[in-house]
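Geometric and topological summary
Residues per chain are reported as follows:
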Amino acid sequence: MALALLVLAALAGAAEARTLRYGGDEAFAPFESLNAEGQPEGFHVDLLQAIGEELGAEVDIALQPWPATVEAFRAGRVDLIAMVDTTSRRAYARFLKGHAAPTHSVYLPAGAVAPRALQDFQGVRLAVLDTEPMRESLARWLSGISESALRQPNARAALLAVQRGEADMALLPSSYGDPLITQMDGLAAGGTRFGLQTYAFAVKPGNDALRAELQAVLDRLEADGRLPALRARWLDAEPVSLQRQAIERNLREQQRWTWALAVGVAVLLIGSALALSRRNLVVVRERARRQKAERSLHQVQELLDRTFHRNPEPMFVVDHATGVVRDANEAVATLLGVGLDTLVGRPLRALDHHVGLDALKRMARAIDIHGLIDGLPVALTRADATQRACLVSAERLQLAGVTVVLCIVRDVSERLAQDAVFRLGYEQLCEETQQAEPVTVPPAEGTAPADERLREFTRAVAHDLRAPLLAIQGFVGLLRERLQLGHTAEALEYSEQVDKATRRMNAMIEALCSLAQIDQRAPVRLPIDMRALAEDTWRIVRAADPQRAIDVRFDALPEAQGDPDLVAQVWQNLLHNAWKYSARNPDARVRVDSFVEGACTWYRITDNGAGFDMAHARGLFQPFRRMHPKSQFEGSGIGLSMVQRIVRHHGGDVRLRSQLGVGTVAEFTLDPLPR
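Residues numbered from 1 in each chain as written. Predicted model: local features only at pLDDT ≥ 70, side-chain atom pairs only at ≥ 80, totals over all residues. Heavy atoms only, no water.

**Regarding the overall build of the protein chain**
So the rule is basically this: We count a stretch as a helix when DSSP gives it H or I for four or more residues in a row; a strand needs E for two or more, and each element gets its number in order from the N terminus. The rule is simple: take the accessible area with a 1.4 Å probe, protein chains only, and divide by the maximum for that residue type; under 20% is buried, over 50% is exposed, in between is partly exposed. Residues count as neighbours in contact if any of their non-hydrogen atoms are within 4.5 Å of one another. The accessible surface values rely on the Shrake-Rupley method and a 1.4 Å probe; as for residues, cover is taken only from the protein chains in view.
Summing up its helical and strand segments, the protein chain has 21 helices and 25 strands in all. Within the protein chain, the fraction of its 675 residues that count as buried is 46%. Sequence separation of at least 24 residues holds for 68% of the intrachain contacts in the protein chain that already meet a minimum separation of 6. With the model as given, the accessible surface of the protein chain reaches about 33,600 Å², and the carbon-plus-sulfur share is 54%.

Put into structure tokens, the structure is as follows:
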């Protein structure tokens, strides 16, 4: 009888034993994957074993292709899954706190300069996975290129797009891209890893008891150091250098070709005279160099076509001496509703039925006296007799020894209808123009805020885009001339200069587009965990150089109300500035805290970096105005302008205090300021 009772007790204990069913991805190393024997291994496998020990439960781990795992989870065949928290997934999953961050790597042509920070992606044709986690990550961290990214169905397709030249680089999860890059000739992985996403466990809706139990276990594992130790073992281990593998592969191939060439040369030397061989080699090399230069000229002409002729900003170039339009882009013809052949080669006064003779004379006098026009309001009449309100900016320049005037026209009709402050500034400028002859160019002291905001809007385009544009036009002419003379080496050098100028201009246009889109975005007020958002942003910022020592401290930050994606860009720009400008301080420190002033909560970022002279702070928030030479600190010059637009879009404000060699304090609030 006693033996029977013992057997029944054992059976009852076995019946009560828990089993936790986990579903994962069979090919997502180092998080989880199947090894050569078909057994699960990786960070999640070891973490689940530790969780099972804490819960006194068996963990049944099933790894299969990811779509099958998601289907099994939604059907209730597994209890637990790990994935990125996204909007649509919250409909069928309840997420725990994030416990790890899968890294993303950049894959690009071998020898190309890899980005080291998120700001470096501006103006880049980027191939990415067409998945919801990637779409939401781009919207949060790279909103300037989220809509133009080249979306691909899988990692191999993204890498092939880079290989074919359809994209400049690919941004992919390292777990997907690293195994493939060694098979892709001519491609390499950049050294910087980006933590754009956070991995979290998830359970089915209604299973709140299991969710709370698992979160308590993860908190204990984090507190006693076991979870950080697993991260260090699986996620922070130094990966094998993919670039080294690619270099070694190319070196072996080069050695094979070298031996083959040596044999061929030996045979050639035996059968031919040395002088004839040398002559033939010179001819072949010169032909190859000329073909390369001709291809470069073709590519440069295409770049110029995209940069000037296909630019969305209406632009045209006028000969200053004769007043003849030397060149114009399609945007001008579209704005006026005419063909390009009616503009190019004709005198500017032939446009008097579109602009008005008085306005043309006013612009000519301003150019003659001041050399430039800074945001002149002009009413244009299209070919269909409709009126458009525009701003004209122009500057007198020297191009290939000829004096020309570069004109940029911006149609602001829609902006006037949507923005009352902008409309007020436009009306003020119209009044000034009617009262003053000739047109005054620089804004006077005490200019109204609306007036100055309008001038800033046009000044950035007119002044800052002209330098790379004219560099492109000038170098194209020199390249074509050197190629006709047979100077292929110089022609190739000019093609590289054109490529640099084009990339710079495209990046500036992308930045200005991002800046303009902020004011047009509908106001959003959602709860934001500012401490979590700031810490997530900091992890991404310091991914550019994870080995760099820097003392950072985040105090408790109160919750805010706003647009999470826009506010993420505020943190990204301000924290990146603190990281960048403190780089030369061996004892670098960054502090993030908050304080209340009046009825507003202010968030503050303090660093002990290079700082700047407050005497030059007047242009601090203007696009492309820099406090330091670009040779000292890289950057697009658009970051603080974007920060100011975003916080003012919320009704708040941003302010900076700084001292050279001491550091900078940046403060912003999203609360509407008291009037």
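Moving on from the coordinates now.
**Considering the nonpolar core**
Note that soluble globular proteins tend to have their nonpolar side chains buried in a common cluster. Using the following cut-off: Take the buried Ala, Val, Leu, Ile, Met, Phe, Trp, Tyr and Cys residues and link them wherever side-chain atoms come within 4.5 Å; each set so joined is a nonpolar core.
Grouped together as the largest cluster of nonpolar side chains are 52 residues, with contacts concentrated most on Phe121, Leu171, Met530, Trp571, Ile605 and Phe668. In terms of residue count, helix H20 (residues 564–581) provides more of this core than any other element does, nine residues in total. For Met530, the residues in contact, after removing those within four places along its chain, are Leu557, Pro558, Glu559, Ala560, Val567, Trp571, Tyr603, Phe668 and Leu670. If you look at the next biggest cluster of nonpolar residues, it comprises 29 residues, including Tyr22, Leu55, Val84 and Leu96.

**Some details on helix H7 (residues 208–223)**
Keep this limit in mind: By definition here, a helix of n residues has an expected span of 1.5 Å times n minus one.
Between its first and last C-alpha, H7 extends 22 Å over 16 residues, near the 22 Å set by a 1.5 Å rise per residue. On its buried face, H7 sits against strand S1 (18–25), helix H2 (43–55), strand S6 (80–84), strand S7 (94–100), strand S13 (199–203) and helix H8 (226–234).

**What to know about the sheet that holds strand S3 (residues 32–34)**
Basically, it comes down to this: Any two strands with at least two DSSP-identified bridges between them are counted as paired.
Taken together, three strands build an open sheet; the order of strands is S2-S3-S4 and the sheet is antiparallel. Whereas interior strands pair on both sides, the edge strands pair on one side only; in this sheet they are strand S2 (27–28) and strand S4 (40–41). Where S3 meets S4, two bridges bridge the pair, whose relative direction is antiparallel. Paired with Leu34 across the bridge in S4 is Pro40.

**Topic: the sheet that holds strand S25 (residues 663–669)**
Hydrogen bonding along the main chain pairs the strands of a sheet, whether they run parallel or antiparallel. Formally: As a rule, the C-alpha atoms of each element are fitted with a line to give its axis, helices using only the stretch in contact, and angles between N-to-C directions run from 0 to 180 degrees.
Strand order in the open sheet formed by five strands is S20-S22-S23-S25-S24, and the pairing between neighbours is mixed. Across the chains shown, the open sheet's two edge strands, defined by having one partner strand only, are strand S20 (551–554) and strand S24 (653–659). In this sheet, neighbouring strand axes are inclined to one another by 20° on average, regardless of whether the strands run parallel or antiparallel. As paired elements, S24 and S25 share seven bridges and run antiparallel to each other. The partner of Leu656 across the bridge, within S25, is Ala666. Against the sheet, helix H19 (residues 530–542) makes contact with S20, strand S22 (589–597), strand S23 (600–607) and S25, and its axis sits at roughly 160° relative to S20, the strand it touches most. Taken strand by strand, H20 contacts S22, S23 and S25, and its axis lies near 30° from that of S23.

**Focus: the packing of aromatic side chains**
Let me state the cut-off plainly: Pairing of aromatic side chains here covers Phe, Tyr and the six-membered ring of Trp, requires ring centres within 6.5 Å, and sorts the geometry by plane angle: under 30 degrees stacked, over 60 edge-to-face, intermediate tilted. Any Lys NZ or Arg CZ found within 6 Å of a ring centre and within 35 degrees of that ring's normal is scored as a charge over the ring.
On inspection of all chains with the given rule, the structure shows 13 aromatic pairs. The structure contains a cluster of three or more aromatic residues connected by ring pairs, namely Phe28, Phe31, Phe43, Tyr176 and Tyr199. The residue whose ring lies beneath Arg548 is Trp579, and the NZ or CZ to ring-centre distance is 4.0 Å. The ring of Trp602 carries the charged tip of Arg655 above its face, separated from the ring centre by 3.7 Å.

**Quick notes on the pattern of salt bridges**
What counts is decided by this rule: The salt bridge definition used is simple: a Lys or Arg side-chain nitrogen within 4 Å of an Asp or Glu carboxyl oxygen.
Inspection of the entire model under this criterion finds 27 salt bridges. Of the charged contacts, one joins Arg125 and Asp168 as a salt bridge, the two residues approaching to 2.9 Å between their closest N and O atoms. One end of the pair, Arg125, is in the loop between strand S8 (104–109) and strand S9 (126–129); the other, Asp168, is in the loop between helix H5 (155–163) and strand S11 (169–173), and 43 residues separate them in sequence. A relative accessible area of 42% places Arg125 in the partly exposed class. The partner of Arg589 in a salt bridge is Asp587, with the nearest N and O atoms 3.0 Å apart.

**Describing the confidence of the model for the protein chain**
Rules: Each residue carries a pLDDT score, the predictor's confidence in it, ranging from 0 to 100.
Per-residue pLDDT for the protein chain has a mean of 77; in total, 69% of the residues score no lower than 70. Low pLDDT, under 50, characterises residues 1–15; the stretch is placed with zero contacts to residues that sit more than four places away or in other chains. This stretch, residues 457–464, has a pLDDT under 50; its non-local contacts, to residues over four places away or in other chains, come to 30 contacts.

**Let's talk about the packing of helix H4 (residues 132–141) against H20**
Stated formally: For classification purposes, an angle smaller than 35 degrees is called roughly parallel, one larger than 145 roughly antiparallel, one from 65 to 115 roughly perpendicular, and anything else oblique. Here the term charged refers only to Asp, Glu, Lys and Arg, the term nonpolar to Ala, Val, Leu, Ile, Met, Phe, Trp, Tyr, Cys and Pro, and the term polar to all other amino acids, Gly among them.
Between H4 and H20, the shortest axis-to-axis distance is 7 Å and the interhelical angle comes to 55°. By the criterion of interaxial angle, the relationship of H4 to H20 is oblique. Taking contact as the criterion, the partners of Ala139, Arg140 and Trp141 in H4 are, on H20, Pro564, Asp565, Ala568, Gln569 and Gln572. In the contact of H4 with H20, the residues fall into four nonpolar, two polar and two charged.

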